[in-house]
Every structure is written in structure tokens, then in C-alpha cells.
Amino acid sequence: MDKYFGLNKSKTTVKRELLAGMISFFTIVYIIAVNSSILADAGIPAEAGIIATVLASFVGCLLMGFGANAPIVLVPGMGINALFSYTMVHTMGLSWQEALAAIFVSGLMFTAVAFTPLSSLITKAVPESLKEAITVGIGLFLAFLGLQKGGIVVANPVTFVALGDFRDPRLLLTLATLLITLILFIRNVPGNFLISMIAGTLLAVLCGQIDISHVGITSFAFGSYASVFGAMSFGRILSFPFWVAAFSMALVLVFENIGLVHGHLRMAEKPEAFDAAMRASALSVISCGILGTSPTVSAVESAAGIAAGGKTGLTVITTGVLFLISLFFIPLIEVIPDSAIAPILIIIGGLMIQSVQNIDFKDFSEGFPAYLVIALIPLTYSIVDGIAFGFIVYPLLKIALGKAKEVPIPLYFIAGLFLLNFTLHALG
């Protein structure tokens, strides 16, 4: 095992990798229920959506683990699934079968980038300030997700967000679990995140916030899934909406994965795995069209497993196997409350935000585009939209300073693609 995954070289152990894989799984397992619900809005049967989500996550994790030896979890992406159901199906008029075909085609486009020098060319064209900003922005986004899940931040019709109600048991349980998690983390207790999740769940049970009477093992009838597996329809492949959908999805997938993969590999101290990780991500998207779900992306929550010590593909393979097993334990998984998961997301966000010190804010032409990425990723609730604003403004500021030649030509092309993406969305 050490020979294949290079555990000693990565200064890790089997135990640590397995534990990190478990941490990653428990922080992202919510995607099973959430993604299947969004797929149902597109017309995919709910139970079939659950199975498709689990299988896509399992396949994606295996591709990443064996193909790239990186601790990055691939699961159907939030935001991406909304693009699939609400834009491609409801707005653009594709059936969910045709939308799956568009996903398959977008995967082929993504693969064309990942398996050619285009991937390295794009990566080298991105300034360091924007790369660091992406990591910081994702960290803030992760913290925002945690604050939301824990009830610390809530929606407000006037100010958009506000502090939660301290009479809310979920908020109080989140704060109590956060204190436990911080103590365990700062003292470097092995398995700190997993221990804190168990402790947070037990606290919720003791406070009567979780109903455990229904907990048990279940099984799934795969009959409904037969109508979804391989159900792609290419009947409208020559139509304009089909190609707009496929191109838009490919554009989002390429740049969202570039940002996420780069950020996670930097955190895991494995930047050399970038090309292989992008290839694994691309192949995983192709499989999603066949398996019957919206595309997978590098999960933001991968940072939890990395922070827990995950360094190699063994981490993500563990996560993938747990996804497959989860088909029989959905009720048990659903017991884990948001108040037990939120503290981990908040702490990981705090770790990722440290990259802000590597950005040169004294140079406004470098610092302002980075600032836009950092601010807009969480505020637009979209990683790709936040990245887009920074990438568009960067060359504009350089041109204004008479430094147009300092901007790599591929970056002009990337900025143009982001503008085109916004234009297509506006026209759609």
C-alpha cells in the first residue's frame, strides 16, 4: 500500500488516511439527500437520484484516488446541480434525458482541456494573487456554509443576513460543539473532527433535537434506477440550446475545478498532482452523464479530510467506499445534525483564509482583482462567479496601467470566456 500511495513520502499513515476519509465523508454526506432533491425537480425519480448521487460519488472518488493519488472528494456539486435542473431543464427546455446528454458532452470538452497542454497553459496563465484569492474565497465560502448550517447566520429580508436567534437550540448546540472542536483541534487530538462530530451528535440527542426512533438499516430497490442509468438522449444535439447548455456547463466545470483543485492541493502540499487531479475530475463528469446525475466537482468539504491529515488517494478511496455503503445506512447518516458538522466547516474556513497574507495588496492592480474574488465567492454563493469577476477585472486594470503585455495571452482568452458565459446567461 505504501508503494502505491507513497504514504511514507507523504508523511502519513494508513490509520490517518482512513480517519481523514471518514471525516471527509461525514462532512459531505448531506449531498446525497440534497442533490437527489434537486434532481427530482428536473424530473429524475427521487430514489433513482439518491442511487445516482451515491454511485457518481463512488466512481469519482475512485478515479481521484487511484488516478491522481490526491485526497480530493468528487461529488455532485452544489450550484452545478441547480444549473442542471433549473437552467438546462426548466429554462432552456431540455428534458432531463437531454440534459444528461449535454452533461456527457460537457465532460468530453472538459477532458479535452484536462488531457492536453491546455490545462497547464491555463494554470500558468493565472497570476499567483488570483490563485491565493481563490483559496481565501473558498475558505470564506466554507465558513459561511458552516455559519448557515449552525444557525449562527440566518436570512434577513432587509439586510440579507443577520445573527441567529440565541434561543434557537441549534445555534446553542453549534456553539457548544464549536467550543469542543476548537479545544480538540488546538490540542492536536488525533481524530479531533470525528470526535467532535460524535460529541455534537450526542449533545443533540441529549437535548432532544434528534429523533433516533427511526434509525436502522434500509435497502434500496434498484428498479427505478434502471430508467435513469444510461438514459441520455441526443435527440436535440444539433439544436442551439443543447450546445449553449453543454458549453456553459463545461466552462463552469473547468474553472470551478481549477480553483478548487488548486486550493485543495495547496492545502495538502501536493501541487504536483494538479494535472492528474484535473483528468480524474474530467472523467468523473463523463461518468455522471451515464450514471444519471448532475456533474461532480472537487468538493469544498475535501478540506476537512485534508486538515485531518489526509495526504493521499487512500483518503478519498475510503470516502468513496463509505458512499457506496451509505446506501444501506441513509437513516443513520441523516441523524448527524448540522450543529455537529458546522463547526468543522467554520474551522477549515479559518485555516484556508490564511493564504490572504500571500497577496500583495499594495499593488492595487493585483490586490483589487484578488479582493473581488475573495468577496464575491461567498457573497454570490458561487465559486465560479466570484472567480469570473476577478479574472475579468485583472487584465482591465493592467491595460489601464499600460501593462497589457504583462498579462498572459491565455488570461485574455479566459476573461473573454467568462464574459461570454455571463452573456449567454443573460440571453438565456
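In case you missed it, the structure is sitting above this.
Residues numbered from 1 in each chain as written. Predicted model: local features only at pLDDT ≥ 70, side-chain atom pairs only at ≥ 80, totals over all residues. Heavy atoms only, no water.

Remarks on empty space enclosed by the protein
Right, on to step 1. Summed over the entire model, instances satisfying the criterion amount to 1 cavity of 30 Å³ or more.
Right, on to step 2. Considered as a void within the structure, the largest cavity measures approximately 50 Å³ in volume.
Right, on to step 3. Residue lining of the largest cavity: Thr123, Val126, Lys131, Ile134, Ile258, Gly259, His262 and Phe391, and that is the complete set.
Right, on to step 4. Of all elements in the fold, only helix H8 (128–149) and helix H11 (240–268) reach the threshold of two or more residues within the lining of the largest cavity.
Right, on to step 5. Among the elements that line the lining of the largest cavity, the one with the most residues is H11, at 3 residues. (1 Å grid on protein atoms, 1.4 Å probe; cavity = no way out; pocket = protein on both sides within 12 Å on 5 of 7 lines; lining within 4 Å. Points joined across faces, edges and corners; volume = space filled by probe spheres on them. Helix = DSSP H or I, 4+ residues; strand = E, 2+ residues; numbered from the N terminus.)

A look at unusual backbone geometry
Right, on to step 1. Notably, Lys11 is not glycine yet its phi reads approximately 55°, a positive angle.
Right, on to step 2. In this fold, Lys11 is placed in the loop between helix H1 (2–5) and helix H2 (14–28).
Right, on to step 3. One non-glycine residue, Tyr381, lies in the positive phi region at around 60°.
Right, on to step 4. You can see Tyr381 is positioned in the loop between helix H17 (364–379) and helix H18 (383–400).
Right, on to step 5. Take Tyr381: its relative accessible area is 43%, and that puts it in the partly exposed class. (Buried < 20%, exposed > 50% of the residue type's maximum accessible area, 1.4 Å probe, protein only.)

Here's the deal with the packing of helix H5 (residues 80–91) against helix H6 (residues 96–114)
Right, on to step 1. Between H5 and H6, the least distance of the axes is 10 Å, while the angle of their chain directions is 110°. With respect to their mutual orientation, H5 and H6 come out roughly perpendicular. Crossing of H5 over H6 shows right-handed handedness. For the pair H5 and H6, contact is made by Phe84, Met88 and Val89 and by Trp96, Ala99, Leu100, Ala102 and Ile103, respectively.
Right, on to step 2. Across the contact of H5 with H6, the residue classes tally to 8 nonpolar, no polar and no charged. (Axes fitted to C-alpha atoms, helices over the stretch in contact; angles between N-to-C directions. Parallel < 35°, antiparallel > 145°, perpendicular 65-115°, else oblique. Left-handed = near helix turned anticlockwise from the far one by under 90°. Contact = heavy atoms within 4.5 Å. Nonpolar A, V, L, I, M, F, W, Y, C, P; charged D, E, K, R; others polar.)

Looking at the environment of Ala400
Right, on to step 1. In this structure, Ala400 sits in helix H18.
Right, on to step 2. Sequence separation between Ala400 and Ser365 is 35 residues, and the spatial gap between their C-alpha atoms is 9.3 Å.

Regarding H11
Right, on to step 1. For H11, which comprises 29 residues, the first-to-last C-alpha distance of 41 Å matches the rise-based estimate of 42 Å (1.5 Å per residue) to within 8%.
Right, on to step 2. The buried fraction of H11 amounts to 23 of the 29 residues, a majority that puts the element mostly inside the structure.
Right, on to step 3. Within two residues after H11, Glu269 carries a phi angle of roughly 60°, on the positive side. (Expected span 1.5 Å × (residues − 1).)

Some remarks on the nonpolar core
Right, on to step 1. Membership of the largest hydrophobic core comes to 114 residues, with the highest contact counts inside it found for Met64, Phe84, Phe255, Phe391 and Phe418.
Right, on to step 2. At 13 residues, the largest contribution of residues to this core is made by H11.
Right, on to step 3. Once residues lying within four places of it in the same chain are set aside, the contact partners of Met64 are Asn69, Ala70, Ile72, Leu74, Ala277, Ala280, Ser281 and Val316. (Core = buried A, V, L, I, M, F, W, Y, C linked by side-chain atoms within 4.5 Å.)

Quick notes on H17
Right, on to step 1. In this model, H17 (16 residues) spans 21 Å end to end at C-alpha, consistent with the 22 Å of a helix rising 1.5 Å per residue.
Right, on to step 2. Among the 16 residues that make up H17, 12 are buried, leaving the element largely enclosed by the rest of the structure.
Right, on to step 3. Among the residues of H17, Ser365, Glu366, Gly367, Pro369, Ala370, Leu372, Val373, Ile374, Ala375, Leu376, Ile377 and Pro378 are the ones counted as buried.
Right, on to step 4. Along its buried surface, H17 packs onto H8 and H18.
Right, on to step 5. Tyr381 sits one or two positions beyond H17 and adopts a positive phi of about 60°.

Some thoughts on a nonpolar patch on the surface
Right, on to step 1. Taken together, the side chains of Leu163, Phe166, Leu172 and Leu175 define a hydrophobic patch exposed on the protein surface, amounting to about 380 Å² of accessible area.
Right, on to step 2. Of note, Leu175 is situated in helix H9 (residues 169–186).
Right, on to step 3. Look at Leu175 and you get partly exposed, because its relative accessible area is 33%. (Patch = residues over 30% accessible without salt bridge, like charges linked within 9 Å, V, L, I, M, F, W, Y side chains within 5 Å. Areas by Shrake-Rupley, 256 points an atom, 1.4 Å probe, with all protein chains shown as cover. Salt bridge = Lys/Arg side-chain N within 4 Å of Asp/Glu carboxyl O.)

Things to note about the pairing of strand S3 (residues 160–163)
Right, on to step 1. Sheet topology note: the strand S2 (residues 153–156)/S3 ladder contains 4 bridges and is antiparallel. Across the sheet, Val154 pairs through a bridge with Ala162, a residue of S3. (Pairing = 2+ DSSP bridges.)

Side note on the environment of Leu172
Right, on to step 1. Looking at the secondary structure, you find Leu172 in helix H9.
Right, on to step 2. Under the relative-accessibility criterion, Leu172 is labelled partly exposed at 44%.
Right, on to step 3. Sequence separation of Leu172 and Ile152 is 20 residues, and the distance between their C-alpha atoms is 8.8 Å.

A closer look at the layout of surface pockets
Right, on to step 1. By volume, the largest pocket is sized at about 620 Å³.
Right, on to step 2. Residue lining of the largest pocket: 32 residues in total, with Met78, Gly79, Ile80, Phe141 and Tyr381 positioned closest to the centre.
Right, on to step 3. For the lining of the largest pocket, the elements supplying multiple residues, two or more each, are strand S1 (74–76), H5, H8, H11, strand S4 (296–298), H18 and helix H19 (409–427).
Right, on to step 4. Of the residues assigned to the lining of the largest pocket, the class counts are 19 nonpolar, 8 polar and 5 charged.
Right, on to step 5. Taken as a whole, the second largest pocket holds about 470 Å³ of empty space.
Right, on to step 6. Surrounding the second largest pocket, 17 residues form its lining, Arg16, Ile306, Ala307, Ala308 and Gly309 being those nearest its centre.

Remarks on the side chain of Ser196
Right, on to step 1. Tracing the backbone through its elements, the reader meets Ser196 in helix H10 (residues 192–206).
Right, on to step 2. A polar contact is formed between the side chain of Ser196 and the backbone oxygen of Phe193, at a distance of 2.7 Å.
Right, on to step 3. Residues contacting Ser196, with those up to four places away along its chain left out, are Thr177, Thr181, Leu184 and Ile344. (Polar contact = N/O pair within 3.5 Å; in protein donor to acceptor, adjacent residues only side chain to side chain.)

Here we look at the pattern of salt bridges
Right, on to step 1. Summed over all chains, the structure comprises 9 salt bridges.
Right, on to step 2. Across the salt bridge formed by Lys149 and Asp338, the nearest N and O atoms sit 4.0 Å from each other. Of this pair, Lys149 sits in helix H8 while Asp338 is found in helix H16 (residues 338–352), placing the two residues 189 residues apart along the sequence.
Right, on to step 3. Across the salt bridge formed by Arg170 and Asp168, the nearest N and O atoms sit 3.9 Å from each other.
Right, on to step 4. Assessed through its relative accessible area of 25%, Asp168 is described here as partly exposed.
Right, on to step 5. Ionic contacts of the salt-bridge type, sharing partners, join the residues Glu128, Lys131, Glu132 and Arg266 into one network.

Geometry only, nothing functional implied.
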